[in-house]
Amino acid sequence: MFYYVLKYVVLGPLLRLLFRPRIEGLEHIPEEGAAIVAGNHLSFSDHFLMPAIIKRRITFLAKAEYFTGPGLKGRLTAAFFHSAGQIPVDRSGKEAGQAAIREGLGVLNKGELLGIYPEGTRSHDGRLYKGKVGVAVMAIKAQVPVVPCAMVGTFEIQPPGKVVPRIKQVTIRFGEPLDFARYAGMENQKAAIRAVTDEIMYAILGLSGQEYVDEYAVKVKAAQAEQTQKFPRLRR
């Protein structure tokens, strides 16, 4: 109930008024039945802007840190994400990844929309990074279409570290659903799930026009953080 109050009464109308999102390809979202919406992830604002313009309810796998923050701010954030129907995902390790897949499949098995960011984290520099294969495992195992989505302009309104977003128009672009029925039963084959993941990322890239980096974002972030610690002057 609270999800629909946020979407149609409180947050949705406010976001539409402030950011005037330009929406392209919304007809590609299935009107019913299970599907995955896989998008790039440039900003904290993405969590709110995409769900606000999709007519159906969409459940995202959200990082567990949003549900475990300290103090009043942490409790309010956790309450918001729980009320919005988001699922906390522990991203630390292989077992955590399997748990996320189980949660995602649970959403799809109920015939609902699942939202996921295959990069696994926000882009720290506006580029598109290599996708993790969990999205492919779920798409193959549940035999559901994947709708690619590109958020355009959200990095500029709220890059990492910026708490209050700039008020500026953004574009939300959906592509044609991708069908992976030809991979049925191959969710445990590394070559197959890598191929599916790369196809999804290529579709997102075509919609977003970003520069692509064939490395995982978390590894690039960690390497840059290590370099900054070794050479503090790089922070300037």
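Everything numeric here is computed off the predicted structure, so don't read it as measured data. Residue indices begin from 1 for each chain and proceed along its sequence in written order. Residue-level local features of this predicted model are given only where pLDDT is at least 70; pairs of side-chain atoms are given and counted only at 80 or more, and the full residue set underlies all totals for whole chains, interfaces and linings. Working from all heavy atoms in the structure, the side-chain values ignore hydrogens and water.

A. Molecular detail of the pattern of salt bridges. Salt bridge criterion: a side-chain nitrogen from Lys or Arg within 4 Å of a carboxyl oxygen from Asp or Glu. Tallied over the full model, the rule gives five salt bridges. Between Glu211 and Arg127 there is a salt bridge, and its shortest N-O distance comes to 3.5 Å. Of the two residues, Glu211 is situated in the loop between helix H7 (190-208) and strand S9 (212-213) and Arg127 in the loop between strand S5 (113-116) and strand S6 (128-129); the sequence distance between them amounts to 84 residues. Across the pair Glu199 and Arg182 runs a salt bridge, and its minimum N-O distance is 2.8 Å. With a gap of 17 residues between them, Glu199 in helix H7 and Arg182 in the loop between strand S8 (171-174) and H7 connect regions that are remote in the sequence. A 1.4 Å probe rolled over the protein chains alone gives each residue an accessible area, and that area as a share of the maximum for its type sets the label: buried under 20%, exposed over 50%, partly exposed in between. Look at Glu199 and you get partly exposed, because its relative accessible area is 28%. Residues joined in a network through salt bridges with shared partners are Asp125, Arg127 and Glu211. Only DSSP runs of H or I reaching four residues or more are called helices, and only runs of E reaching two or more are called strands; each is numbered from the N terminus.

B. How the structure looks around the sheet that holds strand S1 (residues 22-24). When DSSP finds two or more bridges between two strands, those strands count as paired. Pairing within the open sheet is mixed, and its seven strands lie in the order S1-S8-S7-S2-S5-S3-S4. Both outer strands of the open sheet, S1 and strand S4 (87-89), are each paired with one neighbouring strand and no more. Going across the sheet, the axis of each strand differs from the next one's by a mean of 25 degrees, ignoring polarity. Two strands pair when backbone bridges link them, and strand S2 (residues 35-39) and S5 are joined in this way by four bridges, in the parallel orientation. When the sheet's bridge partners are listed, Ala35 is paired in S5 with Leu113. In this analysis, two residues are considered to be in contact whenever any of their non-hydrogen atoms come within 4.5 Å of each other. Lines fitted to the C-alpha atoms define the axes, with helices restricted to the stretch that makes contact. Angles between their N-to-C directions range from 0 to 180 degrees. Sheet strands in contact with helix H2 (residues 46-53) are S1, S2, strand S3 (58-63), strand S7 (146-152) and S8, and its direction is about 60 degrees off that of S8. The strands touched by helix H5 (residues 134-142) are S2, S3, S5 and S7; relative to S2, the strand with the most contacts, the crossing angle is about 160 degrees.

C. The pairing of S8, seen in detail. In this structure, S1 lies alongside S8, joined through three bridges in parallel fashion. Each bridged residue has a counterpart across the sheet, and for Ile23 the counterpart in S8 is Ile172. Two strands pair when backbone bridges link them, and S7 and S8 are joined in this way by four bridges, in the antiparallel orientation. The partner of Met151 across the bridge, within S8, is Ile172.

D. Representation of the nonpolar core in the model. Of all hydrophobic cores here, the largest spans 32 residues; its most connected members are Ile36, Leu61, Leu108, Met138, Val146, Phe180 and Ile200. Per element, the largest residue contribution to this core is seven residues, and it comes from H7. Residues contacting Ile36, with those up to four places away along its chain left out, are Leu108, Leu114, Ile116, Val135, Met138, Ala139, Val144, Pro145, Val146 and Val147. The term nonpolar core refers to a set of buried residues drawn from Ala, Val, Leu, Ile, Met, Phe, Trp, Tyr and Cys, joined through side-chain atoms within 4.5 Å. Counting 23 residues, the second largest nonpolar core, distinct from the first, contains Ala35, Val37, Phe60 and Cys149.

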